[in-house]
Amino acid sequence: MWHQDVQALSTEIEGWARSDGLDVVASASIEAGEPTLTINSEHGRVFLEPAEFAAGRSPTVVFLYATPTLRQVRLVGPQAGGAWEARSSQDVPLYMHWNKHDFLRLINDLLA
């Protein structure tokens, strides 16, 4: 289930990023502690990486982090309806809708 959750999340994010004209590199495999997706923009890179401490557990925890800013959030899910919840590094929920618009805004915030 864990691999399926991460794969579904990666596929969804990849589609959103590509449809916005961003360059996306997907990993051939899903391994905890290794980026499964890299989103390249003119401002830096954003990585999607399954958390090692949550491998095989529910809910799934995935890190979303940016370089060069080193900003990071956690995605926890999937929640009801397949949505993911964004949380700060201190585990504070970020109240955003799980959709393309808000996700792309989150990427921009991580890179700003």
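Since the model is a prediction, treat every value here as computed from it, not as a measurement.

### Some thoughts on the sheet that holds strand S1 (residues 23–26)
Turning to step 1, where the next piece is worked out: Ordered by their spatial adjacency, 6 strands build an open sheet running S1-S2-S3-S4-S5-S6, and the pairing between neighbours is antiparallel. Bordering the open sheet on either side are S1 and strand S6 (85–87), each of which pairs with just one other strand. When the angles between neighbouring strand axes are averaged without regard to direction, this sheet yields 20°.
Turning to step 2, where the next piece is worked out: Where strand S4 (residues 60–67) lies against strand S5 (residues 72–77), 6 bridges are found, and the strand directions are antiparallel. Bridging from a neighbouring strand, Thr60 pairs with Gly77 of S5.
Turning to step 3, where the next piece is worked out: Running at roughly 50° to S4, helix H2 (residues 100–111) makes contact with strand S2 (37–41), strand S3 (44–50), S4, S5 and S6 of the sheet.

### A short note on unusual backbone geometry
Turning to step 1, where the next piece is worked out: The step from Thr67 to Pro68 runs through a cis peptide bond, and the omega angle for that step is 15°.
Turning to step 2, where the next piece is worked out: Its location among the elements puts Pro68 in the loop between S4 and S5.
Turning to step 3, where the next piece is worked out: Pro78 follows Gly77 through a cis peptide bond whose omega is -5°.
Turning to step 4, where the next piece is worked out: When you line up the elements, Pro78 lands in the loop between S5 and S6.
Turning to step 5, where the next piece is worked out: The backbone of Asp91 sits at a positive phi, close to 70°, despite the residue not being glycine.

### A closer look at the confidence of the model for the chain
Turning to step 1, where the next piece is worked out: In this model, the chain carries an average pLDDT of 92, and 97% of its residues clear a pLDDT of 70 or more.
Turning to step 2, where the next piece is worked out: Per-element averaging of pLDDT across the chain places helix H1 (residues 2–19) at the bottom with 93 and S2 at the top with 97.

### A look at the environment of Arg105
Turning to step 1, where the next piece is worked out: Along the chain, Arg105 falls in helix H2.
Turning to step 2, where the next piece is worked out: On the accessibility criterion, Arg105 (42% relative accessible area) is partly exposed.
Turning to step 3, where the next piece is worked out: A sequence separation of 36 residues divides Arg105 from Thr69, and the C-alpha atoms of the two residues are 15 Å apart.

### Points about the pattern of salt bridges
Turning to step 1, where the next piece is worked out: For the coordinates displayed, the defined rule picks out 5 salt bridges.
Turning to step 2, where the next piece is worked out: Asp91 is the partner of Arg87 in a salt bridge, and the nearest nitrogen-oxygen pair spans 3.4 Å.
Turning to step 3, where the next piece is worked out: Its relative accessible area of 38% is what places Asp91 among the partly exposed residues.
Turning to step 4, where the next piece is worked out: Measuring nitrogen to oxygen at the nearest pair gives 3.6 Å for the salt bridge that ties Arg105 to Asp102.

### Quick word on the packing of aromatic side chains
The geometry of two aromatic rings is summed up by the distance between their centres and the angle between their planes.
Turning to step 1, where the next piece is worked out: On inspection of all chains with the given rule, the structure shows 4 aromatic pairs.
Turning to step 2, where the next piece is worked out: With centroids separated by 5.7 Å and ring planes inclined at 45°, the aromatic side chains of Trp16 and Phe103 adopt a geometry described as tilted. One end of the pair, Trp16, is in helix H1; the other, Phe103, is in helix H2, and 87 residues separate them in sequence. We note that Trp16, like Phe103, is buried.
Turning to step 3, where the next piece is worked out: Taken together, the ring pairs in this structure connect Trp16, Trp98 and Phe103 into an aromatic cluster.

So, how was this worked out
- Residues numbered from 1 in each chain as written.
- Predicted model: local features only at pLDDT ≥ 70, side-chain atom pairs only at ≥ 80, totals over all residues.
- Heavy atoms only, no water.
- Pairing = 2+ DSSP bridges.
- Helix = DSSP H or I, 4+ residues; strand = E, 2+ residues; numbered from the N terminus.
- Axes fitted to C-alpha atoms, helices over the stretch in contact; angles between N-to-C directions.
- Contact = heavy atoms within 4.5 Å.
- pLDDT = per-residue confidence, 0-100.
- Buried < 20%, exposed > 50% of the residue type's maximum accessible area, 1.4 Å probe, protein only.
- Salt bridge = Lys/Arg side-chain N within 4 Å of Asp/Glu carboxyl O.
- Phe/Tyr/Trp six-rings, centres within 6.5 Å; stacked < 30°, edge-to-face > 60°.

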